[in-house]
Amino acid sequence: MADTQASLLLRKQLKDLTRRPVEGFSAGLVDDSNIFEWNVTIIGPPDTLYEGGFFNAIMSFPANYPNSPPSVRFTSEMWHPNVYPDGRVCISILHAPGDDPSGYELASERWSPVHTVETILLSIIAMLSSPNDESPANIDAAKQWRDARDEFKKKVSRIVRQSQEAF
Amino acid sequence: MESEEDMLDARSATSDDGFYPNNDDECDSDRMSMGYRYEEEDDDDGMDGDEDAYEDDFLQYGSDEDALHSGRPSYTGRQQLPYTVLTEEAITERQDAAIESVASVLSISRAQACLILRKHEWCVSRVNEEWFADESRVRNCVGLIEKSIKPSMTGQRDIREIKCGICLEYHRIETMQACCCDHYFCQSCWRAYAHTAICDGPGCLSLRCPNPDCNAAVGDELILKLVLEEDKRKYRHYITRSYVEENRRAKWCPAPGCEYAIEFTPGGDIQDVTCNCGHNFCWNCSEEAHRPVECVTVERWILKNSAESENMNWILANSKPCPKCKRPIEKNLGCMHITCTPPCKFEFCWLCLGAWSEHGERTGGFYACNRYEAEKKEGKHDETERRREMAKNSLERYTHYYERWASNEQSKAKALSDLKQLQITQLEKLSDKHSLPMSQLKFLVEAWLQIVECRRVLKWTYAYGYYLPENEATKKQFFEYLQGQAETALERLHQCAEKEVKAHLDGDASNVTFTDFRTKLAGLTSVTKNYFQRLVDAFENGLAEVKDSTAVNTTVQASVKGKCSRSKASSSRSNNASRVVDDEGHWYCRHCTFANTGCSTTCSMCHLETMI
């Protein structure tokens with residue numbers, strides 16, 4: 001039953017997004033027969049280091065979505081304090097509620113079934129514009145962001161160029 | 001402290017219920033149960049002289065019965081215990097009483113009262129105090145939103161359906177639910193939301209409204225209305241558990257499979273606890289009771305004995321204990337800011353294990369710790385290494401103590417099963433065979449309880465002995481002397497209980513009458529008890545007699561006197577039963593346990609006891 005609910009909800013969201021695209025990203029399925037794997041392209045937000053980039057990512061939804069969060073992994077190269085070296089995105093709203101039932105993340109920052117593909121991707125875009133170096137997933141990137149901003153900028157503009165070429 | 005006492009007052013009406021779990025069905029309110037017991041007393045008072053005497057005997061017999069079947073050493077049963085054993089029903093009753101009280105005092109619903117209590121360690125007085133000091137702070141912290149007027153729907157009757165924020169489908173308003181806020185979701189989404197939280201563990205007790213911007217807490221009312229039977233059961237179970245786990249005055253009995261909890265009575269001096277399941281444990285460290293040996297010694301010893309040394313090595317190498325609750329934590333991802341899982345929730349720095357509240361930019365941020373670096377330079381972390389090396393060198397010494405510790409543990413387990421066997425079948429057989437009432441066979445149970453208790457004490461003395469410093473030779477000698485004395489007495493008692501009972505059961509012991517056997521066994525029990533009392537006393541004052549030898553006599557005598565008066569009060573038979581003459585014609589003094597030769601009439605050591 002949970003299975004059908006998840007796929008119904010995902011299909012609904014996909015339909016809505018195709019009908020009324022949201023600025024900043026585009027979304028589709030990796031494989032039309034599998035509603036649980038999405039291919040999304042996030043456009044580097046204007047006035048940030050990532051401006052102009054086209055970053056591909058894969059969203060994998062669990063069978064009990066929306067009660068558990070999907071995972072998001074960049075397939076384009078990414079250099080960001082909150083993205084693991086293997087591309088996985090680490091933001092608090094993608095943390096299952098069980099991970100931290102009443103710990104240091106505020107309730108409003110954790111996963112909630114109210115989140116949709118749209119709200120998740122908007123959160124990732126917000127993450128791109130303001131990295132959070134308080135709990136870094138990529139320690140090297142976080143250090144560079146804090147201590148050697150110029151090198152960080154250089155590295156990011158390289159990956160932005162790369163993403164444009166690949167696009 | 002004051003608040004804890006208040007708390008006790010508030011609950012005193014129910015505080016005894018844990019002892020009478022079977023009465024729960026008969027009396028559904030505190031008042032009822034009081035009345036029930038009062039009536040019982042009334043009956044007793046109404047007896048005339050003869051019947052009174054009979055009643056006394058009967059009561060005596062009743063408590064013997066208890067001792068016969070509880071497996072609890074008889075001398076702990078009669079004292080006012082500084083703790084209460086709680087069954088699951090008793091916990092629920094206390095929760096209900098607390099909820100009732102908070103709900104009526106604060107004029108809120110029971111579900112809300114339950115939420116508030118869960119956040120305040122189930123302490124009624126604390127809830128009252130904090131609520132009346134700052135109601136909005138409590139409301140905010142728990143997540144109770146004051147009921148605003150129901151959503152705008154009331155004004156717009158034409159809107160019959162609203163969109164559920166989770167499944168994005170439209171549903172009829174009346175089928176939708178919200179907690180104490182205005183965020184309505186459909187029932188199946190609520191059910192799935194609650195189900196996920198319940199499957200994730202006790203964190204479901206602090207479930208909030210699915211809307212990320214809303215702080216409203218989801219109460220038990222709503223959850224129990226929505227979820228399936230299995231989830232209801234789990235959720236109720238978590239609520240019950242929260243009473244014990246979030247409450248510093250209560251603990252679960254650590255025996256495997258035991259479902260009783262122990263609640264400590266404020267103001268009492270608590271050390272060893274006997275659960276209704278028969279398990280004896282230390283309140284402080286939750287290990288098996290180890291009086292007179294200290295918790296630290298026991299902890300070191302148990303860690304040392306851990307048969308899962310490979311696991312231990314892995315845990316040592318790959319995890320660190322939470323600085324607060326001591327559960328081992330493995331760090332596999334992320335920064336140095338660690339938050340322990342509920343109910344502990346302690347936040348600390350992985351490197352220096354200090355509280356996270358003292359960390360930040362100053363100490364190097366989220367992936368370094370200056371404090372740790374400084375401590376490392378001071379050599380603080382070499383200690384574990386050194387200890388490991390020492391243990392290796394003393395392996396042989398360790399084996400000596402370990403073997404004796406383990407064999408006493410084995411004997412204790414055997415004695416416990418023998419005791420069970422005795423209670424189940426042998427007592428009845430003996431009673432039939434020798435035409436004696438069960439109450440006359442109490443001495444057998446007492447002997448076995450004594451054996452179990454002594455094996456336990458003896459076992460721990462080996463752990464103590466292992467850690468006794470090598471350089472304190474006199475202490476060591478004295479300790480070994482006391483231990484040897486006690487051990488010899490115990491072996492004699494154990495032998496007698498094991499072998500001679502068998503003889504009387506099989507019926508080939510015609511040469512020794514059962515009365516003689518009884519006298520002998522009871523005597524040995526009492527003698528062994530004295531030896532162990534002496535050993536325990538010596539341990540508890542840290543073998544201080546080594547420095548002042550006169551202290552021995554006074555402490556031992558004082559404790560023996562105290563015990564005599566107690567045993568007189570409980571049984572008059574034991575006076576005669578205590579005199580025992582062994583195979584070589586020695587009789588043992590009940591005061592100093594000295595073995596006197598058969599011809600003397602007064603104890604030649606302490607001159608206190610006269611042979612009758």
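Looking at an unreviewed UniProt entry, one finds chain B named RBR-type E3 ubiquitin transferase, with Ceratopteris richardii as its source organism. In the Sequence similarities (unreviewed entry) part of its UniProt record, chain B is described as follows: "Belongs to the RBR family. Ariadne subfamily." Under the heading Pathway (unreviewed entry), UniProt records this for chain B: "Protein modification; protein ubiquitination."

An unreviewed UniProt entry lists chain A under the name E2 ubiquitin-conjugating enzyme, from Ceratopteris richardii. Per UniProt, chain A carries the Sequence similarities (unreviewed entry) text "Belongs to the ubiquitin-conjugating enzyme family."

Next up on the list: the overall build of chain A. Secondary structure assignment for chain A yields four helices and four strands. Listing each helix as α and each strand as β along chain A from the N terminus yields α-β-β-β-β-α-α-α. Out of the 167 residues belonging to chain A, those deemed buried represent 47%. Accessible area of chain A: about 8,000 Å², with a carbon and sulfur share of 49%.

Right, let's talk about the overall build of chain B for a bit. On a plain count of helices and strands, chain B comes out with 21 helices and 13 strands. Split into buried and exposed, the 612 residues of chain B put 43% on the buried side. Across chain B, every contact between residues at least 6 apart in sequence was considered, and the portion connecting residues at least 24 apart equals 55%. By element, 50% of the accessible surface of chain B is carried by carbon and sulfur atoms, the whole surface being about 32,700 Å².

What follows concerns the environment of B:Ala374. Residues and elements named next belong to chain B. For Ala 374, the position within the fold is in helix α14 (residues 370-377). Taking the relative accessible area as the measure of exposure, Ala 374 reaches 38% and is therefore partly exposed. C-alpha separation for the pair Ala 374 and Cys 352, spaced 22 residues apart in sequence, amounts to 9.7 Å.

Looking now at the confidence of the model for chain B. All names here are of chain B. In the predicted model, chain B carries a mean pLDDT of 73, and the fraction of residues at 70 or more is 67%. The lowest-confidence element of chain B is helix α2 (residues 30-45), averaging 36 in pLDDT; the highest-confidence one is helix α5 (residues 88-106), averaging 92. Considering only residues more than four positions removed or in separate chains, one finds that residues 548-578, a stretch of pLDDT under 50, has 35 contacts. Scoring the predicted complex yields pTM 0.61 and, for the interface, ipTM 0.83.

Residues and elements named next belong to chain B. With respect to the helices and strands, Arg 208 occurs in the loop between α9 (187-199) and α10 (220-226). One buried charged side chain, Arg 208, makes no salt bridge at all; its nearest oppositely charged neighbour is Glu 246, positioned 11 Å away. At a separation of 3.4 Å, a polar atom in the side chain of Arg 208 contacts the main-chain carbonyl oxygen of Val 142. Excluding its chain neighbours within four sequence positions, the residues that come into contact with Arg 208 are Lys 119, Cys 141, Val 142, Gly 143, Tyr 193, Asn 215, Ala 216, Ala 217 and Val 218.

Our focus in this paragraph is the sheet that holds strand β5 (residues 261-264) of chain B. Residue and element names in this part refer to chain B. Spatially, the three strands line up as an open sheet ordered β1-β5-β4, and their pairing is antiparallel. Two strands lie at the open edges of the sheet, namely β1 (83-86) and β4 (250-252), each paired on one side alone. The mean inter-strand angle of the sheet, taken between neighbouring strand axes irrespective of direction, is 25 degrees. With four bridges connecting them, β1 and β5 associate as antiparallel partners. Note on β5: the bridge partner recorded for Leu 86 is Ala 261. The strands touched by α5 within the sheet are β1, β4 and β5, with β1 carrying the most contacts at an inclination of about 110 degrees. Against the sheet, helix α11 (residues 229-245) makes contact with β1, β4 and β5, and its axis sits at roughly 120 degrees relative to β4, the strand it touches most.

Moving on to the packing of aromatic side chains. One pass over the structure, following the stated rule, counts 25 aromatic pairs over all chains. When the ring of B:Phe264 is compared with that of B:Trp283, the centres are 5.9 Å apart and the planes differ by 35 degrees; the resulting orientation is tilted. Taken together, the residues span a long stretch of sequence, with B:Phe264 in strand β5 and B:Trp283 in the loop between β7 (280-282) and α12 (295-305) at a distance of 19 residues. On the basis of an interplanar angle of 70 degrees and a centroid distance of 5.8 Å, the ring pair of B:Trp301 and B:Trp405 is categorised as edge-to-face. Of this pair, B:Trp301 sits in helix α12 while B:Trp405 sits in helix α16 (residues 395-433); the two residues are 104 residues apart in sequence, bridging distant segments of the chain. With respect to class, B:Trp301 is no different from B:Trp405; both count as buried. Through successive ring pairs, a cluster of aromatic residues spans B:Trp301, B:Tyr401, B:Tyr402, B:Trp405, B:Trp460, B:Tyr462, B:Tyr466 and B:Tyr467. A cation over a ring is seen here: A:Arg88 above A:Tyr84, with NZ or CZ 4.5 Å from the ring centre. The cationic tip of B:Lys251 hangs over the ring face of B:Trp283; the distance from NZ or CZ to the ring centre is 4.8 Å.

This next bit is on the UniProt feature "active site" (unreviewed entry) in chain A. Residue and element names in this part refer to chain A. Within the UniProt annotation, "active site" (unreviewed entry) is assigned to Cys 90. Relative to the helices and strands, Cys 90 is located in the loop between β4 (71-74) and α2 (117-129). Given a relative accessible area of 16%, Cys 90 falls into the buried group. Setting aside residues up to four positions removed in sequence, Cys 90 forms contacts with Asn 82, Tyr 84, His 95 and Ala 137.

Attention now moves to the sheet that holds strand β2 (residues 34-43) of chain A. Residues and elements named next belong to chain A. Across the sheet, four strands lie side by side as β1-β2-β3-β4; this open sheet has antiparallel pairing. Only two strands of the sheet have a single neighbouring strand rather than two, namely β1 (25-31) and β4. Between one strand and the next, the sheet's axes are offset by a mean angle of 30 degrees, whatever the strand orientation. Bridging between β2 and strand β3 (residues 54-60) involves seven bridges; their strand directions are antiparallel. In the sheet register, Trp 38 faces β3, and the bridge partner there is Met 59. In the packing of α2 onto the sheet, contacts are made with β1, β2, β3 and β4, and the angle to β2 comes to roughly 35 degrees.

What counts and how
Residues numbered from 1 in each chain as written. Chains lettered and ligands numbered in written order. Predicted model: local features only at pLDDT ≥ 70, side-chain atom pairs only at ≥ 80, totals over all residues. Heavy atoms only, no water. UniProt positions renumbered as here; feature names shortened; annotations may be inferred. Helix = DSSP H or I, 4+ residues; strand = E, 2+ residues; numbered from the N terminus. Buried < 20%, exposed > 50% of the residue type's maximum accessible area, 1.4 Å probe, protein only. Areas by Shrake-Rupley, 256 points an atom, 1.4 Å probe, with all protein chains shown as cover. Contact = heavy atoms within 4.5 Å. pLDDT = per-residue confidence, 0-100. Lys, Arg positive; Asp, Glu negative; His and termini not counted. Salt bridge = Lys/Arg side-chain N within 4 Å of Asp/Glu carboxyl O. Polar contact = N/O pair within 3.5 Å; in protein donor to acceptor, adjacent residues only side chain to side chain. Pairing = 2+ DSSP bridges. Axes fitted to C-alpha atoms, helices over the stretch in contact; angles between N-to-C directions. Phe/Tyr/Trp six-rings, centres within 6.5 Å; stacked < 30°, edge-to-face > 60°. Lys NZ or Arg CZ within 6 Å of the ring centre and 35° of its normal.

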